[in-house]
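Observations on the model geometry
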Amino acid sequence: YPFPTDAPTETPTENINPSPAIPPIPTAAPATFAPTSDNESPRRLAEPKAMFFINYGEPGSAPARLALFDEAKGCMNTDWAPSLCALKLADAAVVCGRWAECDGIVCGNDAYKIGTEHACLAQHEMRFGGGSASAHHYALSKREPPGLDN
């Protein structure tokens, strides 16, 4: 085998280990599901089941705190929501979408974290009545919130 040398050669040497392009790093910020325009139509996720986006401060954005927990589904027990189903934001919509008992997820403030990743709480029932709004949370619901026109 020839060994590399510092001596110039007549033909260029081939780089046998080119460095791969560095892929962009996806963000896990809550803005992942935030509206991107002033369009008043509801935002829906296509996979695995469409969900309705509920903005900060709108009815349905507050956590209902109804017990919903299944470790086999990916729920994590956290100090900030003991015995409630905390899910990483990146997984929450997919897990809830496939889980019949999950009506939606509530996400939000910086306290909602699993390690360093943003998290959400799976909700057994989304509530849209009085006291269901929170300026510190947003939500995704399987059910269409009252008052939305498609």
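Note: the structure precedes this text.
Summary of the structure given here. (Residues numbered from 1 in each chain as written. Predicted model: local features only at pLDDT ≥ 70, side-chain atom pairs only at ≥ 80, totals over all residues. Heavy atoms only, no water.)

Some thoughts on the side chain of serine 134
Selection criterion: In this text, helices come from DSSP runs of H or I with a minimum length of four residues, and strands from runs of E with a minimum of two, each type numbered from the N-terminal end. In this scheme, a residue with accessible area under 20% of its type's maximum is buried, one over 50% is exposed, and one in between is partly exposed, where area comes from a 1.4 Å probe on protein chains only. Contacts were defined at the residue level, with two residues in contact if any of their heavy atoms lie within 4.5 Å.
Relative to the assigned elements, serine 134 resides in the loop between strand 5 (117–123) and strand 6 (137–141). Given a relative accessible area of 12%, serine 134 falls into the buried group. Excluding residues that lie within four positions of it along the chain, serine 134 makes contacts with Tyr56, Gly57, Ser61 and Ala62.

Overview of the state of the cysteines
For clarity, the threshold we go by: Note on terminology: pairs of cysteine sulfur atoms within 2.5 Å are recorded as disulfides.
Counting across every chain of the model gives 3 disulfides. Residue pairing for cysteine 75: its cysteine sulfur links by disulfide to cysteine 85, the two sulfurs lying 1.9 Å apart. With the S-S dihedral at roughly -85°, the linkage between cysteine 75 and cysteine 85 falls on the left-handed side. You can see cysteine 75 sitting in the loop between strand 1 (52–54) and strand 2 (86–88) and its partner cysteine 85 sitting in the loop between strand 1 and strand 2, a full 10 residues away along the chain. Owing to a relative accessible area of 5%, cysteine 75 belongs among the buried residues under this scheme. A relative accessible area of 0% means that cysteine 85 is categorised as buried. There is a disulfide in this structure between cysteine 96 and cysteine 102, and the S-S distance comes to 2.0 Å.

Thoughts on the pairing of strand 3 (residues 104–108)
Filter applied, for reference: Strand pairing requires that DSSP identify at least two bridges connecting the strands.
Across the 5 residues of strand 3, 5 count as buried, placing the element largely inside the fold. Bridge count for strand 3 against strand 5 is 4 bridges, and the pairing is antiparallel. Bridged to isoleucine 105 within strand 5 is alanine 122. Where strand 3 and strand 6 come together, 5 bridges link them in antiparallel fashion. Within strand 6, the residue paired with glycine 108 across the bridge is histidine 137.

A word on the packing of aromatic side chains
Here a ring pair, both rings aromatic, is described through the centre-centre distance and the interplanar angle of the planes. Just so we agree on the cut-off: Note on ring pairs: Phe, Tyr and Trp rings are taken, using the six-membered ring of Trp, and paired if centres are within 6.5 Å. Classes follow the plane angle, with under 30 degrees stacked, over 60 edge-to-face and the rest tilted.
Applying the stated rule across the entire model yields 3 aromatic pairs. Relative to tyrosine 138, the ring of tyrosine 56 has its centre 5.3 Å away and its plane inclined at 55°; by these criteria the two rings are tilted. Residue tyrosine 56 is found in the loop between strand 1 and strand 2, and its partner tyrosine 138 is found in strand 6; the two are separated by 82 residues along the sequence. These aromatic residues form a ring-pair network of at least three members: Phe53, Tyr56 and Tyr138.

Read these as spatial facts, not as claims about activity.
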